[in-house]
Amino acid sequence: MTTIEFPKDLKWGAATAAYQIEGAAKKDGRAPSIWDTFSHTPGNVKNGDNGDEACDSYHRYKEDVQYLNDLGVDVYRFSISWPRVMPKGTDELNPEGVKYYRNLIQELLDHDIEPIITLYHWDLPQTLQDQGGWEVRSTTDAFKEYAVAMFKEFGDVVKKWITINEPWCASFLSNYLGIHAPGKQDLQAAIDVSHHLLLAHGKSVQAFREIVPDGEIGYAPNADWLEPYSQQQEDIDACERDMQWKIEWFMDPVFKGEYPQLLQDIFAKHNGYLNVEEGDMELISLPIDFMGINYYSGSVARYKEGNGLFEVEPIWVDYQKTDIGWPVYADGFYKLLIHIQQKYGDVPIYITENGACYNHEVEDGVVNDQERIDYLKQHLTALHRAIKSGVPIKGYILWSLLDNFEWAEGYSKRFGIIHVNYRTFERTKKESFYWYQKAVQNNWFEL
Ligand SMILES: CCOCCOc1ccc(-c2cn(C[C@@H]3NC[C@@H](O)[C@H]3O)nn2)cc1
């Protein structure tokens, strides 16, 4: 048997996000977010699902922390619901909301699990959306006010912070493709949102240095891996364009202080333009301590005239697929990490999300999700290969601890290593839970 053994200091973890697991959407002063509005608008979410109750983790967080303790993870990545702690988006804090997160953090610390807080995991307070949302610059100041309040509340015990989760999803998927909240299909809006998300990141990094001087802060872009279907230049160029949309567009500003010209030119052909003001890029490119990378899938792709903004067509034949339809492409994980290191140098990286959707149900008390175990084996092997090649990987945080509300897919898509019965909220450890538990506790696994 082949053993894959990781560096002794690699941090192992699991991740969730507020709107996807908490529920209690109207409890103890929480105000609506754009995802409450979006999910309650017919047609936006499969089966008309919403996050009103989700996994009821708001009331069951102690049980969920016990599962993390059973796993033996070093870290737990969760997000704070902005409208739960700051219902108006700015101004006063909601003490009940703050108390929930203080209790959750204390429960983690009592079990020797390090909290990693994501400040923005897509649940913008609706009241701010009503004032223009991320399309307007003032929301970057509202975010800074929220971030500063959280740094002051929890910075004494929480030392790792992530500003923005998957800015590509929160900007282009949400405001150009219209698939996520607020569901707009407006390129200019998406470009403005992408810039304001990065500006909000920069403003909060600047504040963080004053408030939590011994802390570490980063952000968590998502990326898939597309490689040319052939060596035809048109196929190579098509992949480059789409990859730059997720990688360079969100990483060049932070690590190079500029947006990629290739994409600016493409956007301009569709009447989309950046609105950058004096000082913005200096804020956005303030040094950070780590970068999160969220990776799920990849494939070959080819040029297809007129197909979307970038005239690219992923070709998904020949791939094993998960139950959300995404190809399983672990090599893409390795190639992405090497590519990022080549482009941006030795930025410390946490894998802040990696996991698979398989919709197994409980049968006689068992959830036999062998496919998820195989996915994890393949991707952790690819990660190990990247580490051996010198990529500075600091941690692996699996998506997700629990089955949860998978955005526009609702509860129809299960990413958890723990099965959730959405009627009773009963949790059931899947076979992948036990496999991951062993890998975490051993720091190695056998192929
Ligand atoms: C060109 C057309 O493209 C359509 C692609 O549409 C999507 C939809 C969804 C995703 C997506 C979903 N996830 C998992 C989440 N990451 C954060 C966490 O909350 C998980 O639930 N990552 N990416 C990407 C692309």
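Owing to the predicted nature of the structure, the values given are computational and were not obtained by experimental measurement.

Participant: Explain helix α3 (residues 57-71) to me, and be specific about the residues and the numbers.
Facilitator: A turn of α-helix holds 3.6 residues, and therefore any two residues three or four places apart point the same way. Helix length check: α3 (15 residues) gives 18 Å between terminal C-alpha atoms against 21 Å at 1.5 Å per residue, more than 12% under. The largest bend in α3 amounts to roughly 35° and is located at E63. The complete set of buried residues in α3 reads S57, Y58, Y61, D64, V65, Y67, L68 and L71.

Participant: Could you give me a rundown of the UniProt feature "active site" (unreviewed entry) in the chain, with the residues and numbers involved?
Facilitator: When the UniProt feature table is mapped to this numbering, "active site" (unreviewed entry) covers E166 and E353. Across 188 residues of sequence, these annotated residues stay compact in space, with a maximum C-alpha separation of 10.0 Å. From the list above, the largest pocket is lined by E166 and E353. For E166, the position within the fold is in the loop between β5 (160-165) and α8 (167-175). By relative accessible area, which is 6% here, E166 ends up buried. Setting aside its immediate chain neighbours within four residues, E166 contacts W122, A220, P221, N222, N294, Y296 and E353. Tracing the backbone through its elements, the reader meets E353 in strand β11 (residues 349-353). Those residues within four positions of E353 in sequence are excluded, and the remaining contacts are R77, H121, N165, E166, I293, N294, Y295, Y296, I397 and W399. At 3.0 Å, the side chain of E353 and the side chain of N294 are in polar contact.

Participant: I'd like to hear about the environment of G155, residue by residue, with values.
Facilitator: Within the element layout of this structure, G155 appears in the loop between α7 (138-154) and β5. Remark: the alpha-carbon pair of G155 and E5, spanning 150 residues in sequence, is separated by 33 Å. In contact with G155, not counting residues within four places along its chain, are M150, W161 and V212.

Participant: Describe the state of the cysteines, listing the residues and the values that go with them.
Facilitator: Counted under the stated rule, the structure contains zero disulfides. Cysteine C169 is unpaired, with the sulfur of C357 as its nearest cysteine sulfur at 15 Å.

Participant: Give a description of the pairing of β11 that names residues and reports values.
Facilitator: Across a regular strand the side chains alternate sides, sitting on one face of the sheet and then on the other. In terms of burial, β11 is a largely internal element, five of the five residues being buried. Pairing analysis gives four bridges linking strand β8 (residues 290-294) to β11, with the strands arranged parallel. Following the sheet pairing, I293 is matched in β11 by I351. The parallel pair β11 and strand β12 (residues 393-399), bridged by helix α15 (residues 370-388), forms a crossover whose chirality is right-handed.

The rules behind each value
Residues numbered from 1 in each chain as written. Predicted model: local features only at pLDDT ≥ 70, side-chain atom pairs only at ≥ 80, totals over all residues. Heavy atoms only, no water. Helix = DSSP H or I, 4+ residues; strand = E, 2+ residues; numbered from the N terminus. Expected span 1.5 Å × (residues − 1). Bend = angle between axes of the 7 residues up to and from the residue. Buried < 20%, exposed > 50% of the residue type's maximum accessible area, 1.4 Å probe, protein only. UniProt positions renumbered as here; feature names shortened; annotations may be inferred. 1 Å grid on protein atoms, 1.4 Å probe; cavity = no way out; pocket = protein on both sides within 12 Å on 5 of 7 lines; lining within 4 Å. Contact = heavy atoms within 4.5 Å. Polar contact = N/O pair within 3.5 Å; in protein donor to acceptor, adjacent residues only side chain to side chain. Disulfide = S-S within 2.5 Å. Pairing = 2+ DSSP bridges. Right-handed = clockwise from strand over helix to strand, strands pointing away.

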